[in-house]
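What the coordinates show
Here is how the chains run, residue by residue.
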Amino acid sequence: MEKSRAQWGSKIGFILAAAGSAVGLGNIWKFPGRAYEGGGGSFLIIYLLIVILLGIPLMLTELSIGRASEADIVSAFHKLGHRRCAWIGWVGITGAFIITCYYNHVGGWVLRYVFGYILEAPTIYSDSTGYFYAMLGLQPDGTTAFPWAAILFAAVFMTLNAVIIIRGVESGVEKFNKIGMPALFVLLLILLVRAVTLPGSEAGLRYMLSCDWEKVSFSTVLAALGQAFYSLSIGMAIMITYGSYLSKKENIARSTVTICAMDTLVAFLAGFIIVPAVFATVGQEQVGKGGGFAFVSLANVFEQMPGGRFFGIIFYLLLLFAALTSCISLIESIVSFLTERFLLQRKAATIGVCMLMFLIGCMYTCSQAAYPIKGIWFDAANGVTYPAFCDAMEYLTDRLMIPICALGCCIFAGWIWKPESAIAEIRQNRVRFGLAPLYRVLVKYLAPLAILTILIMSFATGMTLS
Ligand code: PFF
C-alpha cells in the first residue's frame, strides 16, 4: 500500500471511520426536511427499502471493489475491469469534489452555532430564524449584506480539515470517533424525549408516523435514493477508497450492515426530533424550508429544556465532529487520488484543493439568501430552469452524479467484474456469506434497473420537484 494512504490500525478503526464518514450533516441537516417533503411515514418506508435493497448491496460492492483492487478510485475500475470503466471513478471523484465545496460551508455554520450558543444563546432564542438568516447575510429589515460570519467560519472549518488531513487522520479522528459517536447517539435520545414531549409536537409525530402517498412522486423516490446514498457515503466511490485500506481479514458484509444500521438510526432519530419540534414551535409551514430549519427549530427545543444552553453547545460540538469526520473522508479520497494519480505532494494537493473548494463553496453560501446567484437545470418536464445556485449544486450531486456513479458501480460489479468476483472478495478469510445468491440478483438486476428507472422517470416527470 502507498505510504500516503491512511491505513486502518484496527477493525474498530475502520468501522468507526466508515461510520464517521456516513454519519454527518446529511443525517441531521438534510434528512428531516426530505422526510417531511416526502410525506413523513411514506418517505421513511421508501428510504428504508432503498437502504436495505440498494444501499447495503452497493456499499458492499464498493468495499469489495476497493479491497480487491487496492487502488485509487479511478485505477480500481481499470485494474479489475476495463479502461473504459474509469469514467465511474471520475464521476465519483467529481461528485465528492462538488459535495465538499458546500459541505465545508455548512460545517462552518455549525461551528458558528457552537460559538453562538456559548456567547449569545438568548439572542438565538429570541429570533432563531432571524439569527440564521443574518448569518447568511439577510438582515431582519430585508436588506442584504455579504455573509461574513458564514464565510469566516467556513474558512476556519476548512482549515481544520486541511490540518487534520495533512497530519494524517488515524489517531486523532479515530480516537475521537470512539467517544463522539456514542455521545452523539445518547444526546439525540435525550433530544428525542424533549422534542416529543413539547406541547404541540403530537401533530408532527403523527405526521412522521402516517403516510401521505399523495406527496410521493418519482422525484420523491429519487430524492430518497439520493439522500440514502449521500447519507451512506456511497455513489461517490468513497467506500472504494476506504475499502482499499482494508485488511483481507475484515468481514466486510457484517461491517456494511453495522454501518448502514447506525447511519439510518441516526437519520431517523433526527427526523423524529426535528419534525415534531418544528410543528410544536415555529409551525408546520416552516418545515422543509431548506436545511436551515434544522438550525432554526432546534433553538426552540434547547430554549425549553432545562440546561438547554449546555445541551445546545454539546449538540453542535458533536455535530461539528460528525461533519468533520465526513468532510475528512471526502477530502481524503480526493487528496489520495490526486497524490497517487498525479504524483502531487500531499501537503500541496491538500492546500490547493481545499482552497479551491472553499472558494466555490462561497457561491453556495452567498446564494442562500444574500445574492440571487442562479444555477441551471434541465429536465424534460420543466425544460431549462434556473434554481438558486445552492439548490442546483445539491440537485447535481444528490440527484444526478451519485445515482449515476452508483449505477456505474452496479453495472461494473454485476456485468463486467462479475458478482462472483465480489462474492469471492467478501468471502476472503473464510467469511460466511449466506446471502450471496440474493446479493447476485440485487447487484446484477434489481439495483441497476431500479436506479435507472428512477432516474429516467424523474427526468421525464421533473427532477427538482418533490
Ligand atoms: N455521508 C455524509 C453525511 O451524511 O453527512 C456526507 C458524505 C460524506 C457524503 C462522504 C459523501 C461522502 F463520500
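Now for a description of the structure that goes with this document. Residues take numbers from 1 onward in each chain, read along the sequence in its written order. In keeping with the model being predicted, local features are shown solely for residues with a pLDDT of at least 70 and side-chain atom pairs are shown and tallied solely at 80 or more, while totals for entire chains, interfaces and linings include all residues. Think of the side-chain values as coming from all heavy atoms in the structure, minus any hydrogens and water.

1. Considerations on the side chain of Ser233
For clarity, the cut-off: Helix and strand labels come from DSSP, where a helix needs a run of H or I of at least four residues and a strand needs a run of E of at least two; each type is numbered from the N terminus. Type-normalised accessible area, obtained with a 1.4 Å probe on protein chains alone, sets the label of each residue: buried when under 20%, exposed when over 50%, and partly exposed for intermediate values. Any two residues having at least one pair of non-hydrogen atoms within 4.5 Å are treated as being in contact.
As for its position among the elements, Ser233 is in the loop between helix 10 (218-231) and helix 11 (238-244). Residue classification places Ser233 among the buried positions, given a relative accessible area of 6%. Leave out the neighbours within four places in its chain, and Ser233 touches Ser21, Ala22, Glu62, Ile238 and Met239.

2. Comments concerning the nonpolar core
This is how it is decided: What makes a nonpolar core is a set of buried Ala, Val, Leu, Ile, Met, Phe, Trp, Tyr and Cys residues whose side-chain atoms join them at distances within 4.5 Å.
Residues Trp109, Tyr117, Phe229, Phe302, Phe315, Tyr316 and Ile451 are the most contacted members of the largest nonpolar core, which totals 167 residues. If one sorts the elements of this core by residue count, helix 5 (residues 86-126) sits on top with 21 residues. Excluding anything up to four places from it in sequence, Phe315 contacts Ile28, Leu187, Leu188, Leu191, Leu298 and Phe302.

3. Some details on the site of the ligand
Selection rule: Nearness of a residue to a molecule or strand requires only that one of the residue's heavy atoms be within 4 Å of it. Whenever two N or O atoms come within 3.5 Å, that pair is a polar contact, provided that in protein one can donate a hydrogen and the other can accept it, and provided that, for residues adjacent in sequence, both atoms are side-chain atoms. Here the Shrake-Rupley method, with its probe set to 1.4 Å, supplies the accessible areas, and only the displayed protein chains count as covering residues. Nonpolar residues are Ala, Val, Leu, Ile, Met, Phe, Trp, Tyr, Cys and Pro. Charged residues are Asp, Glu, Lys and Arg, and all others, Gly as well, are polar.
Taken together, 15 residues sit near the ligand, with Ala22, Gly26, Tyr103, Tyr230 and Ile238 positioned nearest. With respect to the ligand, the side chain of Asn27 contributes an N or O atom lying 3.2 Å from an oxygen atom. Here Tyr103 contributes a side-chain N or O atom positioned 2.5 Å from an oxygen atom of the ligand. Here the ligand loses 100% of its free accessible area of 340 Å² to cover by the protein chains. Those elements that place two or more of their residues in the shell around the ligand are helix 1 (11-22), helix 2 (25-37), helix 10 and helix 14 (308-342). Among the residues forming the shell around the ligand, the class breakdown is 7 nonpolar, 8 polar and no charged.

4. Observations regarding the packing of helix 5 against helix 16 (residues 389-416)
To keep it simple, the criterion reads: Angles here are taken between N-to-C directions and fall from 0 to 180 degrees, while the axes themselves are lines fitted to C-alpha atoms, restricted in helices to the stretch in contact. Working definition: roughly parallel below 35 degrees, roughly antiparallel above 145 degrees, roughly perpendicular at 65 to 115 degrees, and oblique for all remaining angles. Two helices crossing with the near one rotated counterclockwise from the far one by less than a right angle form a left-handed crossing, whereas a clockwise rotation gives a right-handed crossing.
Following both chains from N to C, one finds helix 5 and helix 16 inclined at 155 degrees, their axes separated by 9 Å at the closest point. Comparing their axes, helix 16 and helix 5 come out roughly antiparallel. Seen from above, helix 5 lies across helix 16 with left-handed handedness. Within the contact between the two elements, helix 5 uses Trp87, Ile88, Val91, Gly92, Thr94, Gly95, Ile98, Ile99, Cys101 and Tyr102 and helix 16 uses Met393, Glu394, Leu396, Thr397, Asp398, Met401, Ile402, Ile404, Cys405, Gly408, Cys409 and Phe412.

5. Quick word on unusual backbone geometry
Here the phi dihedral of Lys418 falls at roughly 85 degrees; this positive angle occurs in a residue that is not glycine. With respect to the secondary-structure elements, Lys418 resides in the loop between helix 16 and helix 17 (419-426). On the accessibility criterion, Lys418 (35% relative accessible area) is partly exposed. If you check the backbone angles, Asn429 has positive phi at about 60 degrees while not being a glycine.

6. Notes on a nonpolar patch on the surface
How we decide: Nonpolar side chains (Val, Leu, Ile, Met, Phe, Trp, Tyr) within 5 Å and like charges within 9 Å form the patches, drawn only from residues with over 30% relative accessible area and no salt bridge. When a carboxyl oxygen of Asp or Glu lies within 4 Å of a side-chain nitrogen of Lys or Arg, that pair is called a salt bridge.
The grouping of Ile45, Leu48, Leu49, Ile52, Leu53, Trp213 and Leu446 at the surface amounts to a nonpolar patch, some 620 Å² of accessible area in total. For the nonpolar patch, the leading source of residues is helix 3 (residues 41-69), giving 5 residues. In this structure, Leu49 sits in helix 3. Judged by relative accessible area, Leu49 falls into the partly exposed class, the value being 47%.

7. A word on the pattern of salt bridges
Applying the stated criterion to the full structure yields 9 salt bridges. We note a salt bridge from Glu394 to Arg34, for which the minimum N-O separation is 3.8 Å. Separated by 360 residues along the polypeptide, Glu394 in helix 16 and Arg34 in helix 2 bring together distant segments of the chain. Look at Glu394 and you get buried, because its relative accessible area is 12%. Judged by relative accessible area, which is 15%, Arg34 ranks as buried. Across the salt bridge formed by Asp398 and Arg34, the nearest N and O atoms sit 3.6 Å from each other. One end of the pair, Asp398, is in helix 16; the other, Arg34, is in helix 2, with 364 residues separating them in the sequence. This pair shows no difference in class: Asp398 is buried, exactly as Arg34 is.

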